[in-house]
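# Analysis of the macromolecular model
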Amino acid sequence: RLDRNAFLGMWQSGIPESNERTTQISGIRPDAVETVQRKLEMHNMFFIARRQENGQDMLYFSMKVVTGVVILVELTLRPGFNVCKCCSKTLDPSYVPLLEQSLEYLLRL
């Protein structure tokens, strides 16, 4: 689990911008942000922080795969809507498609 400062350091300068990917996940359950947070934490995505801006909630998570690769995730949710923006950063982008597929599955449960 990364602490907030470690997350920020990696997000801002520890991972090249070329390793950032943004996608939209549609058809998700319009759950409360707290429900999304709990759901992802139950699947070993560690909550870092939450901020609100322009009626949207941004949730930040970190995770580490068994090979030790760290993946940082920003989810942007608008309460009551069934679309989520997912931005991920990692030093090994080969894991991103699997991350996105997993998030899509979990957010639709």
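So, a few notes on the structure that sits alongside this text.

Conventions and cut-offs
- Residues numbered from 1 in each chain as written.
- Predicted model: local features only at pLDDT ≥ 70, side-chain atom pairs only at ≥ 80, totals over all residues.
- Heavy atoms only, no water.
- Buried < 20%, exposed > 50% of the residue type's maximum accessible area, 1.4 Å probe, protein only.
- Helix = DSSP H or I, 4+ residues; strand = E, 2+ residues; numbered from the N terminus.
- Arc of directions from axis to C-beta.
- Phe/Tyr/Trp six-rings, centres within 6.5 Å; stacked < 30°, edge-to-face > 60°.
- 1 Å grid on protein atoms, 1.4 Å probe; cavity = no way out; pocket = protein on both sides within 12 Å on 5 of 7 lines; lining within 4 Å.
- Points joined across faces, edges and corners; volume = space filled by probe spheres on them.
- Nonpolar A, V, L, I, M, F, W, Y, C, P; charged D, E, K, R; others polar.

With that settled, consider helix α2 (residues 33-41). Residues V33, V36, Q37, K39 and L40 constitute the buried set of α2. Projected down its long axis, α2 carries its buried residues within an arc of 165°, all on one side.

Two measures describe an aromatic ring pair: the distance that separates the ring centres and the angle between the ring planes. Inspection of the entire model under this criterion finds 4 aromatic pairs. With 5.7 Å between their ring centres and 15° between their planes, F7 and W11 make a pair best called stacked. On the criterion of helical spacing, the pair formed by F7 and W11 is a turn pair, its members being 4 residues apart in helix α1 (residues 4-14). Residue class for F7 comes out buried when judged on its relative accessible area of 2%. What makes W11 buried here is its relative accessible area of 16%. Centroid distance W11 to Y60: 6.4 Å. Interplanar angle 85°. Geometry classified as edge-to-face. Note that W11 is positioned in helix α1 and Y60 in strand β3 (residues 56-64), a separation of 49 residues in sequence.

Now for the layout of surface pockets. Its volume calculated, the largest pocket comes out at about 170 Å³. Considering each element in turn, the lining of the largest pocket owes the most residues, 5 residues, to helix α3 (residues 96-108). The residue makeup of the lining of the largest pocket, split by class, is 9 nonpolar, 2 polar and no charged.

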